[in-house]
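Geometric and topological summary
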Amino acid sequence: MSESLAPIVLIGIFVLAAFLLVLPRIVRSREASRDGGATAAPSRPSTPPPLAEAAPAAATTEVPPELVEEIESIEVVEEAPPDEPPRLRDRIGKTRASFAGLLGVLRRGGKIDAAAWDELEEALLLADVGMTTTQSVVDGVKARAAAAGADADADALPDLLRAEITERLEATATDRSLHHAAEGPTVWLMVGVNGVGKTTTTAKIAKREIADGNKVLLAAADTFRAAAADQLAKWADRLGCALVRGQDGGDPGAVVFDAMDAATARRTDVVIVDTAGRLHTKVNLMRELEKLKRIVERTPGALQEVLLVLDASTGQNGLTQAREFAGAVDITGVVLTKLDGTAKGGVVLAIEDEFQVPVKLVGLGEGADDLVPFDPAEFAAALVE
Amino acid sequence: MFDSLSDRFEGIFTRLRSRGKLTEKDIDEIAREIRLALLEADVNVRVVKALIARIKERANGAEVAKSLSPAQQVIKIVHEELVATLGGDARKLSVNPKPPTVVLLAGLQGSGKTTAAAKLARWLERDGKRPLLVGADLQRPAAVEQLKVLGERVGVPVSSTGSDPVEVARNGIDEAIRLGRNFVIVDTAGRLQIDVELMDELRAIRDAVNPDDSLLVVDAMTGQEAVNVAEAFAETVDLTGIVLTKLDGDARGGAALSVKEVTGRPIMFAGVGEKLEDFEPFYPDRMASRILGMGDVLTLIEKAEQAFDAEQAAVATEKLRQGEFTLQDFLEQMRQMRKMGPLQNLVAMLPGVPKELRNADVDEGELARIEAIICSMTMEERSNPTVINGSRRIRIAQGSGTTTQDVNQLLKQFKQVSQMMKQFSRVNKKGKRKLTGLPPGFDPSALGGPGGLKL
C-alpha cells in the first residue's frame, strides 16, 4: 500500500473507532430514557440539565417590566378587519400555473385513458404529494371513475380527484380547531425546522387570539438564532401583547418556565411558545424540545397543542420531519405556511395519511392577518385547480 | 444527507453486481428504480425524465469498456450523469478587478439567506478578503439585527443605512469603498418568486449595486417547487450561482439536481450546519459519489489534512499495527478527529459503512464523556488498563463524573475495538482491502452494548 494512503486509512479507523465506542452508549442511554417514562426525566440526559430549569429566578431571564395591560379591547376593535380574512382559494388562485399535468388530459377530452392516468400521477408528484400517496390517490380516483361508469369522461377527472382528496383529508380529522384548556392558561408549542416561519406564525396566531378577546403571552424560547427574540418582541409590540424572553444563547427551558409562571400570575389565557428552529436529525436539540414540553406539562392540562410548522415548499422531507417531531413531542397539528406562492404543499396529504395529524392552519403571507383555518375542500380544490 | 438515495441505488446495484450481462429489460427495470428513487428524493419530475432518458440512452448505447462489468458500467453512467447534472466542475466566486466585488443573495423566505451571508463573509475573511455585510432585508422584523449580531460574531462590519432596500444596498457599496473593504455581500429580504412588486425591487437592487455574483439561496429540503423558484429568480436577476442550505439534515436534496438542471447555474456553496463555520464549497463530483454511496473520501482527506498532525498520525498508525495502541494514543487522535467536525458527518463520508451505522444518531456529548473518563486515568492506567482495579475504577468514575459501569464499559469496548482495528489495519497493509468497508466478519452487535445495536 502506498504511503499516501496511510493517513486516510488511519482516519477512517479513528472515526469508526470513536463511533463504535459511542454508539452502544447512546443506545443504552436512549433506552434508559424510554424506560424512565414520560414523567421522570431520563436518568442521564445528553446534556446536563441547566440549573435554570429548577431555579426560575436565575438571572438569565428577565421578564420585561412593561406588563402590557389589556389593550386588546381598544386596539383590536380598531384593527378588526373590515374585510373578510383572506381565503385560501383567493390567495392561491391568483398565480396558479394550474394543475399543469391535468390540462393536457382535459384538452384532449374524451375517455380517461392510460396516458391520462400517467398525467394525473405526474401532476400529483409535481404537487409534492409523494410517490406512495400519489399511487394511493390515483387508485382511489380510479375506483371512483369505475363507480361512475366504466368509461368516465376526462372532464370528470378534476371533480373525482377533488372528491378523493377532500374525503381523505376529512377522514383524518373533523375537528381542526386549536384547543383551549378548560381552566387555567392554555399553552401552544410551536415547533419545526429552521426557516419555516415559526416566529411569524406565532405572531399571527397571537393576533387571532387577541381578536377573540383572549389575553395572550408570547414566550420567545428561540434563544439560539441571533435576534429571534427581537423579532418576536417587535411583533408583541405591534400586537400589544406580553412577551417573556431570555438572554440570547440562554436556556430556552428557563424562558418557558418563566412564561408559565408569568401566565399564572397574570391570568393569561393563551401562552404561545416560539421555539428555535431545529433540524429533526439533531438529537440534542430534539431532546431540548422534549424538555421544553415537560416544563409546560408541569402545569397539568395547560399544554393543548404542539404545532409543527411546515413550509409549503417542503418536499418529501416533510414526512420525515413529521415523523421525528411526532416521535419527540407528539405533535397535535400542522401549520402549513407560505402557501401563497406556487408551492402546493401536497406533502401534507402524505402526512395526514401516514400520521393522522391534521393540518390546522394555513399561512398565506407575511401580514399578521394572513392565517386561515385549513379547509379540506378548499385545499383539495386549490390543489386540483 | 443523500443517504436514502444512495441506499436505494445500493439495493439496485447489489443485484446488478451479481449479474454478468445486462439485457434491455434489466435497463428498463433499473431506469424505473432510479426514477422512483429520484422522485422520492424530490428531484423534479421533469428533471427526472430528462436524466433517465440520458442514462437509458447511454446504457443502451455501445459504450463498452473492457475493464468494466455491465453493472459497473451502469453505475459509472449514472454517476457521470449525476455529476454532469450537479454542475460539472466547481466554480469560484468572480472577483472584480476594481473592488469592491459585490455578491447579491436572494431567495424565498426562510431559505437561510441571512445565515448564508454571514457564513460567506466568514469564509471570505478566512480566505484573506475584507468583506462587508449589507443588511437590505427591511421586511422581516429584526432581520438587520440578526445580521449585525452575526457580523459581530465573524468580525465583519455590517452596513444598513437608508430607508429602502435599494438605498441601503447603494449606501453599502459606498461604505465598503470608504472602509476599504474589497467584498460586499448584500443580504436581501425573502420573497416569493411570484410577488411582482418584490421581484421588481430585487431587480432594482441588482441595478443599483451591479453584482459580480448573484446567488440564489435554496433550502435543501425544497420539493418540486425548487424548479419554479429557480426559473423565476434566474429570469429576474441573472443568477450566477446557487447556495444550497440545510444540507446537514436528512433531506435527500433532490432540489440540488433540479435547480442546477433548470438554471444551468452551478451550486457554489453548501451550508452544512448551524455554526458559522459550517459552510463549504460545493463539489458536484463528490456529491455524486455520495449519492451513489461511494463515500466522500476527498472531503474527509481535506478535513483531515487540516486537523491532523501527519507525523503523529503516522506514529499512531504504526502503533495500531503493532497492537501497542493505548488509551492515551486514542485520546490524542480523538481530539484531533473532533476538530474535523461532528462525528456523524465524518462517518457519513466513509465509504461502505452500513446504512444502520450511518443513520445512527451520534451524540457528541458521549465523546466528551469518553474523553473525561480517559483524562481521569493516570498515564500508567492509560497505557496499561489491566492495572485498573476496583478502587481505581471508583476514582476514575468520580473524577470524570460517571459511574463505574461507564468506566467498565469503555474499557471493554476499547479492547474490542482496538483488536478489531488492529485486524483492520493489518488487512490494509497487505493492500488487499483498501478502505472499502468494514473488516470481514465484523459484527457490530458483538461490541456488546446492552441491547446491541437495535437502531
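The paragraphs below set out a description of the structure included in this document. Counting from 1, residues in each chain are numbered in the order their sequence is written. Chains and ligands are labelled sequentially in the order written, the chains with letters from A and the ligands with numbers from 1. Two thresholds apply to this predicted model, a pLDDT of at least 70 for residue-level local features and 80 or more for giving and counting side-chain atom pairs, whereas whole-chain, interface and lining totals are computed over all residues. Only hydrogens and water are set aside when side-chain values are computed; all heavy atoms of the structure are taken into account.

Description of the overall build of chain A
Helices and strands together make up the secondary structure of chain A, namely 14 helices and nine strands. Here's how the labels work: a residue is buried when its accessible area is under 20% of the maximum for its type, exposed when over 50%, partly exposed in between, all with a 1.4 Å probe on protein chains only. Taking all 385 residues of chain A together, the buried fraction comes to 58%. In what follows, residue pairs with any heavy atoms lying within 4.5 Å of each other are defined as contacts. Residue pairs at least 24 apart in sequence account for 77% of intrachain contacts in chain A once pairs closer than 6 positions are excluded. Strands are runs of DSSP state E lasting at least two residues, helices are runs of H or I lasting at least four, and both sets are numbered from the N terminus onward.

With respect to the nonpolar core
Among buried residues, the Ala, Val, Leu, Ile, Met, Phe, Trp, Tyr and Cys ones that are joined through side-chain atoms within 4.5 Å form a nonpolar core. Grouped together as the largest cluster of nonpolar side chains are 99 residues, with contacts concentrated most on Ile-205, Leu-218 and Ile-272 of chain A. Formed jointly, this core draws a minimum of three residues from each of two domains, domain 1 (54-81 + 180-331) and domain 2 (88-172) of chain A. Among all residues touching Ile-205 of chain A, those that are not within four sequence positions of it are Leu-178, Trp-188, Met-190, Ile-272, Leu-307, Leu-361 and Leu-371 of chain A. Among the nonpolar cores identified, the runner-up in size contains 45 residues, and Ala-31, Leu-38, Val-43 and Ile-242 of chain B belong to it. Residue ranges labeled as domains rest on an automatic or database domain assignment.

What to know about unusual backbone geometry
All names here are of chain B. The amide bond that connects Pro-99 to the next residue, Pro-100, takes the cis arrangement and shows omega of 5°. Locating Pro-100 in the fold gives a position in the loop between helix H4 (70-86) and strand S1 (101-107). Of note in this structure, Asn-210 is not a glycine but carries a positive phi near 45°. Here Asn-210 is to be found in the loop between helix H8 (196-209) and strand S5 (213-219).

Regarding the pairing of strand S3 (residues 216-221) of chain A
Residue and element names in this part refer to chain A. Burial runs high along S3: six of the six residues are buried. Covered by surrounding structure in S3 are Val-216, Leu-218 and Ala-220 together with Leu-217, Ala-219 and Ala-221, the residues of both alternating faces. Strands are treated as partners if at least two bridges between them are detected by DSSP. In the sheet, S3 pairs with strand S5 (residues 270-275) via six bridges, with the strands oriented parallel. Across the sheet, the residue bridging to Ala-220 is Asp-274, located in S5. Pairing of S3 with strand S4 (residues 242-246) involves four bridges; the strand directions are parallel. Considered in S4, the bridge of Ala-219 is made with Val-244. With respect to chirality, the unit in which S3 leads through helix H9 (residues 228-239) into the neighbouring parallel S4 is right-handed. When the strands point away from the viewer and the path from the first strand over the helix to the second turns clockwise, the crossover is right-handed.

What to know about the packing of aromatic side chains
The aromatic pairing rule takes the rings of Phe, Tyr and Trp, using the six-membered ring of Trp, and pairs them if the centres are within 6.5 Å, calling planes under 30 degrees apart stacked, those over 60 edge-to-face and the rest tilted. Across all of its chains, the model carries four aromatic pairs over all chains by this definition. With a centroid separation of 5.0 Å and 15° between ring planes, the pair formed by Phe-269 of chain B and Phe-279 of chain B is classed as stacked. Taken as a pair, Phe-269 of chain B in strand S7 (residues 267-271) and Phe-279 of chain B in strand S8 (residues 279-281) lie far apart in primary sequence, ten residues in all. No difference in accessibility class separates Phe-269 of chain B from Phe-279 of chain B, as the two residues are buried. Plain terms: the ring middles of Phe-330 of chain B and Phe-414 of chain B are 5.8 Å apart, the flat faces sit at 65° to each other, and that makes the pair edge-to-face. With Phe-330 of chain B in helix H14 (residues 327-338) and Phe-414 of chain B in helix H20 (residues 404-430), the pair connects residues that are 84 residues apart, well separated along the chain. Phe-414 of chain B carries the same exposure label as Phe-330 of chain B, and that label is buried. Definition used: whenever NZ (Lys) or CZ (Arg) falls within 6 Å of the ring centre and also within 35 degrees of the ring normal, the charge is taken to sit over that ring. For Arg-238 of chain A, the ring lying beneath its charged end belongs to Trp-235 of chain A, and the centroid distance is 4.7 Å.

Observations concerning helix H5 (residues 114-126) of chain A
All names here are of chain A. The end-to-end C-alpha distance of H5, which contains 13 residues, comes to 18 Å, matching closely the 18 Å that a straight helix rising 1.5 Å per residue would cover. Within the span of H5, buried status applies to Ala-116, Trp-117, Glu-119, Leu-120, Glu-121, Ala-123, Leu-124 and Leu-125. Just downstream of H5 lies Asp-128, where phi reads positive at about 70°. Take the residue count of a helix, subtract one, and multiply by 1.5 Å to get its expected span.

A word on H14 of chain B
Residue and element names in this part refer to chain B. Compared with the 16 Å implied by 1.5 Å per residue over twelve residues, the 16 Å span of H14 between its first and last C-alpha is a close match. The element H14 is extensively covered by neighbouring structure, given that nine of its twelve residues are classed as buried. By the burial criterion, the buried members of H14 are Leu-327, Gln-328, Asp-329, Phe-330, Leu-331, Gln-333, Met-334, Gln-336 and Met-337.

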